Amino acid sequence: MVKVAVLGYGTVGSGIVEVLKTNQELIEKRVGEKIDVKYVLDLREFPGDPYEDLIVHDVDVIMNDPEVSIVCEAMGGIGAAYQFTKMALEKGKNVCTPNKAMVAEYGPKLMKLARDNGCNYLFEASCGGGIPIIRPLQTALLQEKIVAIKGILNGTTNYILTRMEKEGADFDAVLKDAQALGYAEANPEADVEGHDACRKIAILSSLAYGNTVNYKDVYTEGITKITVEDFAYAKKLGATIKLLGMSQEVDGNYYAMVSPFMLKNDSPLYSVNDVMNAILVTGNTLGDTMYYGAGAGKLPTASAVVADVIECAMKQGQLIPCTWNEGDLSLGQMENDKRHFFVRAKSELSQIESVFGKVEAVDAGIDGEMGFVTEVMSEKEFASKAEALGSVVSRIRFEN
Ligand code: HSE
């Protein structure tokens, strides 16, 4: 019998208990051993909850119980959760978590601490919610040199953007719905300003390229400036707007960013709607593979944590290898990154073309302005042309 403790009985913590209980028989059959929850740590009481008897308030009960070999950290944040994670690893207990803030901040340190204590620190649910993405990178893609990752990595923002596009819905109202559905972070600024996607692309890039991509080095732009008018232009262009996290290797240099992008309808990411996430991974010999699924929410996220629990249970006493090493990966300057840009400006086409050269003009019926898509140019070149034009209302990076 494998005994598990869950730290935090919030959305994901209660989901972990639910997944383990719902599929207990099936899991036992497949793993060859019963996996059961012995404790749930939370400061609150849960009268009437089917698992209220499992609630404890003192973390030492868990840490000092040698029967508990796996701890699921579902508290979130990097305060008490960090202290408890270290305590568990120092006691040789495996830790499984969806906590991307923790993994992005302390991943290599915690993985080393785990190795030094003969246990594992696993975080499948930290990226893409329920999508198996870290395990494929650690198993099925080991033969590949990963050259690019591009994905919709945040369920809340994808949900908001989808409803803005389909219903012309108001940003704040949709955000409230996303919170009610359990998609959003405790502080939803982390979602809408792109910080959550930033941590996820930093984690995936560290795993893919082998050294640590510091999330603080990743250029990050959120969706708060995207409007329903932008979607009117996108529609005219046969495109939509998505928040993408991306990284790639170009001639030995690595680049990473999080930003809203206009995507044409032939992009494999175009139809990824609502809370769904998708991650496109490009290998040097394999080419593209894409991973799709629920990017947030109680049970999908919990399911991915339970996948880690099962791996620990099946590999008791073993160190599970990981491609993320302790060295740092420095990122190249993004000013040389090249792409098309969609622009809204209060100028005539002739003025625009005198500065930008040939553009694809688009009229969405909005008074006093026009839209256009530039030719491919560097970020630096775009910035200087936009300044020269002097009438740019907004711009969105554009993928052809
Ligand atoms: N707030 C996150 C999201 C939760 O919306 O994607 C899953 O990491």
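Residues numbered from 1 in each chain as written. Predicted model: local features only at pLDDT ≥ 70, side-chain atom pairs only at ≥ 80, totals over all residues. Heavy atoms only, no water.

Packed helix pairs are characterised by how far apart their axes lie and by the angle those axes make with each other. With their axes 9 Å apart at the nearest point, helix α13 (residues 349-356) and helix α14 (residues 379-389) run at an angle of 145° to one another. With respect to the hand of their crossing, α13 and α14 are arranged in right-handed fashion. Here Gln-351, Ile-352, Val-355 and Phe-356 of α13 come into contact with α14, specifically with Phe-382, Lys-385, Ala-386, Ala-388 and Leu-389. Class assignment for the residues of the contact of α13 with α14 results in 7 nonpolar, 1 polar and 1 charged. (Axes fitted to C-alpha atoms, helices over the stretch in contact; angles between N-to-C directions. Helix = DSSP H or I, 4+ residues; strand = E, 2+ residues; numbered from the N terminus. Left-handed = near helix turned anticlockwise from the far one by under 90°. Contact = heavy atoms within 4.5 Å. Nonpolar A, V, L, I, M, F, W, Y, C, P; charged D, E, K, R; others polar.)

It is worth spelling out the sheet that holds strand β1 (residues 2-7) at this point. Strand order in the open sheet formed by 6 strands is β3-β2-β1-β4-β5-β6, with parallel pairing between adjacent strands. The sheet is open, and its two borders are formed by β3 (55-56) and β6 (121-122), each paired with just one other strand. In this structure, strand β5 (residues 94-96) lies alongside β6, joined through 2 bridges in parallel fashion. The residue bridging Cys-96 from the neighbouring strand is Leu-122, located in β6. Sitting on the sheet, helix α1 (residues 11-22) is in contact with β1, β2 (35-41) and β4 (68-73), with an inclination near 160° to β2. (Pairing = 2+ DSSP bridges.)

Our next topic: the site of the ligand. Surveying the vicinity of the ligand reveals the residues Lys-100, Asn-154, Gly-155, Thr-156, Tyr-183, Ala-184, Glu-185, Asp-191, Asp-196, Lys-200, Gly-295 and Ala-296. Glu-185 has a polar side-chain atom sitting 2.6 Å from a nitrogen atom of the ligand. In the complex, the protein chains occlude 94% of the 250 Å² of accessible area that the ligand would expose alone. Elements supplying a minimum of two residues to the shell around the ligand: α7 (155-167) and α10 (195-209). (Near = heavy atom within 4 Å. Polar contact = N/O pair within 3.5 Å; in protein donor to acceptor, adjacent residues only side chain to side chain. Areas by Shrake-Rupley, 256 points an atom, 1.4 Å probe, with all protein chains shown as cover.)

Next up on the list: the domain arrangement of the protein chain. When the domains of the protein chain are assigned, the result is domain 1 (2-129 + 298-314), domain 2 (135-294) and domain 3 (335-398). Distance from the C-alpha centre of domain 2 to the C-alpha centre of domain 3: 24 Å. Between domain 2 and domain 3, the contact holds 19 residues from the first and 19 residues from the second. Of the roughly 1,600 Å² buried between domain 2 and domain 3, counting both surfaces, carbon and sulfur atoms make up 65%. Of all residues in domain 2, Tyr-233, Leu-237 and Met-262 bury the most surface against domain 3, accounting for 41% of the area lost on that side. Where domain 2 touches domain 3, the interface holds 3 salt bridges. The salt bridge involving Arg-395 is made with Glu-221; its shortest N-O contact spans 3.1 Å. (Domains from an automatic or database assignment. Buried area = accessible area lost by both parts, 1.4 Å probe. Salt bridge = Lys/Arg side-chain N within 4 Å of Asp/Glu carboxyl O.)

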